[in-house]
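A closer look at the structure
Spelled out from the first residue to the last, the chains are:
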Amino acid sequence: MSHLLPSLAVALSLALSFLPAAAALPVSAGCGGATTAIVDLRSARGPSPMAGQTTSIEAVVTAAFGGADGLGGFFVQQADAQRRHRPGVPEGLFVYAPKVRANAGDLVHLTGRVDDRYGRTQLVLSGGIAVCARGQTVTPATLTLPVATPAVLAAHEGMRVRLPQTLTVSDTHELGRYGSVVLSNGRLRIPTQVAPPAEAAAYAAANALNRIVLDDGSNRRDPATVRYPSPALSAANTLRAGYTVRGVEGVLELRYDTWRLQPAAGATPEFDASANPRTDAPARHPGADMRVASFNVFNYFNGDGQGGGFDAPTNRGAKTHAVFVRQEAKIVAALRALRADVIGLMEIENNGYGNASAVRRLAAQLGDGWRAIDPGTARLGRDAIAVALVYDSRTVEPVERAATVSLGRRHRPPLAQTFRRIGGTRAFTVAVNHLKSKNCPHATGADLDQADGQGCWNAARTRAATRIADWLAASPTGVAADGVLLIGDLNSYAKEDPVRAFESHGYANLVTRFVGDAAYSYVFRGEAGNLDHALATSTLAARVKAVHIWHINADEPVALQSVPDYKTPAQRSSYYAPDAYRSSDHDPVIVDVALDDSGTGPASGTNRGPRNSVD
């Protein structure tokens, strides 16, 4: 049969020569000419089947973002009457045309090259635009959060959509920097705040399906005017996480690996501040005779203590004395408003306890009678930042000695001091802590991220928690006090191992008891959780009357804080106020105690007075 093979090859060659070549996409010069439907340029998944080819399309401009600060083009969508409704395939498209002006509502005829760039399909305009009709509209698709799968979003990429729900602002981190906010159906929670680590991955996956970025149609960084909330963001016109919003509509796109809504003409979101307004500091419980607060003071660095030294080799704190003064005014406003007797501080400059030290200066700024606890060491550990304790000597007094303990080379030491009311008989110990962060440099072995939601250094934090609990059990201040109140930034959320380690040593989780699982003091990547804790031994927990988290920082836009100060002179003016709001990135935790009252505290979740935790 071998003699038949050459003949077969010739026949096959002849047959193939009569097959038609792949048809070229239509190109036409003006309105009504031959065009390609947008759906034929797109695919349900992956790149365009027509990438690299040139064709003409005719579609309605849904949003235009030209100019120096825009996105370099405009969005078009197939007119309703011409849509194909192919399942999973979008019928909208971004047209890259940085030098061409387009107007929303125009039906346009245009020609360009199909291009897959940055994970999306776009059309690169190769000529001008022919306007075929004006005042056109398209029917927006309806989306609701959470979506079932990412494919739901992909099926509408480049198209105008509306979300009919009342949504919640979950994050404002990029509001001042890039003009965008994260929206979700209800508040997003850190997975390990509400679920054990074994369930964190599933909770995180659910969060990912319940978020979308409301963008501003611009690539500009640090815009002179931030459009949300109307008419513009300022210190007096804030946009807090926890606000609700209606009327969300725009063009859906995937940009910078994030699903975004770019604003469409005629669509104005309506934000409602009543869901999470700014509040005054909570009033002290009427049955309490002592208030203790915990506050991360966001790298309070006072240079050399003499108005200079701000060019020291550190990446923390203010870079000039002028910025420091602005930072200090906000921190002092917050601390004074707490009306506390004892305050535990984190992230204060670790520059000793002399007259020029950061902690002595801050105590002096709080007013007459305020003092700083001196542990009798030149510094507290080797880190650039440390914990500290300040107190109002007019209402409380320290008993015996301050105490600290080494937790190892990579850890910040805690600080403990026993206090009693002036003229009182009972005393209790306050221990302030700042456990190692979740950042990963130098982590190895068990300290690496175990993909369970607890981040890096979880094993180290857990060991430190056990060490602290054992140390406090031995009455390190020299006083067998009526209990211990352990406060501070534990860099761990409520269901994580370090917090559970303290609980296993008999500490009651006061924030969980009084505020609930929805408590939060910090927002990270749009998810809220409680890094700042108050835990007490059983004897003291019985005397706790109220616990509050005052939401002055975590919900506020980063643009309103004073450091780092990258802003223009106009922004430094409009974004700044010498008040408590965004004085830090953590919210303060407040504990009201009936120290010399023999009665027991209220049952779980029975804070009296204003409730400042927003669910």
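In what follows, the structure referred to is the one given above.
It should be emphasised that the depicted structure is a prediction, and the values quoted were computed from it without experimental measurement.

**A closer look at the sheet that holds strand S1 (residues 54–65)**
- Judged by pairing direction, the barrel is mixed, and its 5 strands sit side by side in the order S1-S2-S3-S5-S4 before closing back on the first. Each strand axis lies, on average, 55° off the axis of its neighbour in the sheet, ignoring direction.

**A look at the pattern of salt bridges**
- Inspection of the entire model under this criterion finds 28 salt bridges.
- The closest approach of N and O atoms between Asp592 and Arg291, which form a salt bridge, is 2.7 Å. Taken together, the positions of Asp592 in strand S28 (residues 589–593) and Arg291 in strand S15 (residues 290–300) put the pair 301 residues apart, joining distant regions of the chain. Pair check on accessibility: Asp592 and Arg291 agree, each one buried.
- One salt bridge in this structure joins Asp447 and Arg463, with 3.7 Å as the shortest N-O distance. Placement of the pair is Asp447 in the loop between strand S21 (427–434) and helix H9 (458–473) and Arg463 in helix H9, with a sequence separation of 16 residues.
- On the basis of relative accessibility, which here comes to 11%, the residue Asp447 falls in the buried class.
- Beyond isolated ion pairs, a larger network of salt bridges with shared partners links Arg187, Arg240, Arg278, Asp555 and Glu556.

**Thoughts on the state of the cysteines**
- If you walk through the whole model with that rule in mind, you get 2 disulfides.
- With its sulfur 2.0 Å from that of its partner, Cys31 forms a disulfide with Cys132. The chirality of the disulfide connecting Cys31 with Cys132 is left-handed, given an S-S dihedral of about -90°. With Cys31 in the loop between helix H1 (5–17) and helix H2 (38–41) and Cys132 in strand S5 (residues 120–133), this residue pair connects regions lying 101 residues apart in the sequence.

**Some thoughts on the side chain of Thr244**
- Along the chain, the position of Thr244 falls in strand S11 (residues 244–246).
- Not counting residues within four places of it along the chain, the set of residues in contact with Thr244 comprises Thr166, Leu167, Thr168, Glu270, Phe271, Asp272 and Ala275.

**A look at the nonpolar core**
- Core analysis: the biggest nonpolar cluster contains 70 residues, and Leu485 and Leu510 have the highest contact counts within it.
- In this structure, Leu163, Val226, Leu233 and Leu560 belong to the second largest nonpolar core, which totals 27 residues.

**Some remarks on the packing of aromatic side chains**
- A full pass over the atoms with the stated rule returns 7 aromatic pairs.
- Seen in terms of ring centroids, Phe65 and Phe75 are 6.2 Å apart; in terms of plane orientation they differ by 80°. Their pairing is edge-to-face. Of this pair, Phe65 sits in strand S1 while Phe75 sits in strand S2 (residues 73–77), and the two are 10 residues apart along the sequence. Accessibility assignment for this pair places Phe65 and Phe75 in one class, buried.
- Measuring from ring centre to ring centre gives 5.3 Å for Tyr300 and Phe324, while their planes differ by 55°; the resulting arrangement is tilted. Highlighted residues: Tyr300 in strand S15 and Phe324 in helix H7 (residues 321–338), separated in sequence by 24 residues. Like Phe324, Tyr300 is buried.

**A short note on the pairing of strand S12 (residues 248–255)**
- Judged by how many residues are buried, S12 sits mostly within the fold: 7 of 8 residues are covered.
- Relative to S12, strand S7 (residues 160–163) runs antiparallel, the two sharing 4 bridges. Opposite Arg162, over in S12, you have Glu249 as the bridge partner.
- Counting the residues in the hairpin turn of S12 and strand S13 (residues 258–263) gives 2 residues, including Tyr256, whose phi is positive at 55°.

What counts as what
- Residues numbered from 1 in each chain as written.
- Predicted model: local features only at pLDDT ≥ 70, side-chain atom pairs only at ≥ 80, totals over all residues.
- Heavy atoms only, no water.
- Pairing = 2+ DSSP bridges.
- Helix = DSSP H or I, 4+ residues; strand = E, 2+ residues; numbered from the N terminus.
- Axes fitted to C-alpha atoms, helices over the stretch in contact; angles between N-to-C directions.
- Salt bridge = Lys/Arg side-chain N within 4 Å of Asp/Glu carboxyl O.
- Buried < 20%, exposed > 50% of the residue type's maximum accessible area, 1.4 Å probe, protein only.
- Disulfide = S-S within 2.5 Å.
- Contact = heavy atoms within 4.5 Å.
- Core = buried A, V, L, I, M, F, W, Y, C linked by side-chain atoms within 4.5 Å.
- Phe/Tyr/Trp six-rings, centres within 6.5 Å; stacked < 30°, edge-to-face > 60°.

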